[in-house]
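Okay, here's what each chain looks like letter by letter:
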Amino acid sequence: MKSEAITRIRKLSQLYAYTSIQMHENIARKAGLSGTDQKYLGFFLVKGAMTAGELMEVTGLTSGAVTGLIDRFEKKDLVKREFAKTDRRKVLVVPDTEKIMQLMAPLYKDYRSHSEQLIGSFAEKDLKIIEKFLEGSIAIMSETVNRFKDK
């Protein structure tokens with residue numbers, strides 16, 4: 001019986017991932033971005049200014065791919081390159097958080113509202129289970145990412 005439940009949850013998890021990709025790709029297109037670029041833009045919202053090397057580390061992209069990504073974001077005035085105040089040899093990629101939010105927030109408004117309603121429909125004990133599942137899944141994915149990283 002438990003193996004049937006594992007199979008059901010695994011299939012739902014895969015469907016969730018596929019549907020998430022479709023949703024983000026469509027939202028990104030509305031914003032004039034690719035789906036992956038839009039998700040990488042999210043790193044700037046979470047982490048703030050970063051060097052190209054730091055962006056390489058969090059995305060797993062090559063230096064050439066990161067340069068192209070930064071160029072595309074700069075062309076849309078979503079980020080700008082600035083010399084670090086403490087070390088002018090270091091270039092920071094600084095997000096225009098306000099502009100990014102103006103671009104993306106309206107596109108996610110309904111999704112966010114509906115998601116919050118869904119989450120709010122669960123009892124606290126159920127939310128703890130969902131939270132445990134998500135935290136465990138993130139840990140497993142992070143472990144997998146680290147195992148496949150070039151070392």
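Being a predicted model, the structure only gives us computed values, none of them experimental.

Engineer: Whenever I open this one, the overall build of the protein confuses me. Can you help?
Structural biologist: Across its full length, the protein carries 6 helices and 3 strands. Seen in sequence order, the protein has helices and strands lined up from the N terminus as α-α-β-α-α-β-β-α-α. When burial is assessed residue by residue, the protein has 19% of its 151 residues classed as buried. Pairs at least 24 apart in sequence give 43% of the contacts found in the protein among residues at least 6 apart. Accessible area for the protein stands at about 11500 Å²; split by element, carbon and sulfur atoms hold 59% of it. If the 26 positive side-chain charges of the protein are averaged to one point and the 20 negative ones to another, these points end up 2 Å apart.

Engineer: Would you take a moment to explain the sheet that holds strand S2 (residues 79-83) for this structure?
Structural biologist: Sheet strands line up and pair through hydrogen bonds in the backbone, either parallel or antiparallel. One open sheet accounts for 3 strands, arranged S1-S3-S2; its pairing is antiparallel. Each end of this open sheet is capped by a strand with a single partner; those strands are strand S1 (50-51) and S2. As paired strands, S1 and strand S3 (residues 91-95) are joined by 2 bridges and run antiparallel to one another. Bridge assignment links Thr51 to a residue of S3, and that residue is Leu92.

Engineer: Just checking my understanding: could you explain the pattern of salt bridges for this structure?
Structural biologist: Where side chains of opposite charge bring their charged atoms close, a pairing between them can arise. This model, assessed by the stated rule, comprises 9 salt bridges. For the salt bridge of Arg72 with Asp37, the shortest nitrogen-to-oxygen distance reads 2.7 Å. One end of the pair, Arg72, is in helix H4 (residues 63-75); the other, Asp37, is in helix H2 (residues 35-47), with 35 residues separating them in the sequence. Among the salt bridges present, the one from Asp71 reaches Arg81, with a minimum N-O distance of 2.8 Å. Linking Asp71 in helix H4 with Arg81 in strand S2, this pair joins segments that are 10 residues apart in sequence.

Engineer: How should the nonpolar core be read in this particular structure?
Structural biologist: Soluble globular proteins tend to pack their nonpolar side chains together in the buried interior. Judged by nonpolar contacts, the single largest core of 19 residues is most densely connected at Leu33, Leu41, Phe44, Leu55, Phe73 and Met104. Of all elements in the fold, only helix H1 (2-30), H2, H4 and helix H5 (97-120) reach the threshold of two or more residues within this core. Sort the elements by how many residues they give to this core and H4 lands first, with 4 residues. For Met104, the residues in contact, after removing those within four places along its chain, are Ile27, Ala31, Leu33 and Gln38.

Cut-offs applied
Within each chain, residues carry numbers counting from 1 in the order of the written sequence. In keeping with the predicted nature of the model, local features appear solely for residues at pLDDT of at least 70, side-chain atom pairs appear and are counted solely at 80 or more, and the whole-chain, interface and lining totals rest on all residues. For the side-chain quantities, the full set of heavy atoms in the structure was used; hydrogens and water were omitted. To qualify as a helix, a DSSP run of H or I must reach at least 4 residues; to qualify as a strand, a run of E must reach at least 2; elements of each kind are numbered from the N terminus. When a residue's accessible area, from a 1.4 Å probe over protein chains only, is under 20% of the maximum for its type it is buried; when over 50% it is exposed; and in between it is partly exposed. Contact between two residues is taken to exist if any of their heavy atoms lie within 4.5 Å; hydrogens are not considered. The method behind every accessible area is Shrake-Rupley, applied with a 1.4 Å probe, and residues are considered shielded solely by the protein chains displayed. When charges are tallied, Lys and Arg are placed among the positive residues and Asp and Glu among the negative ones, while His and the ends of the chain are skipped. Throughout, a charge is located at the NZ atom of Lys, the CZ atom of Arg, the CG atom of Asp or the CD atom of Glu. Paired strands, as defined in this entry, are two strands with at least two bridges between them according to DSSP. In what follows, salt bridge is the name for a side-chain nitrogen of Lys or Arg lying within 4 Å of a carboxyl oxygen of Asp or Glu. Throughout, nonpolar core names a set of buried Ala, Val, Leu, Ile, Met, Phe, Trp, Tyr and Cys residues whose side chains join them through atoms within 4.5 Å.

Geometry only, nothing functional implied.
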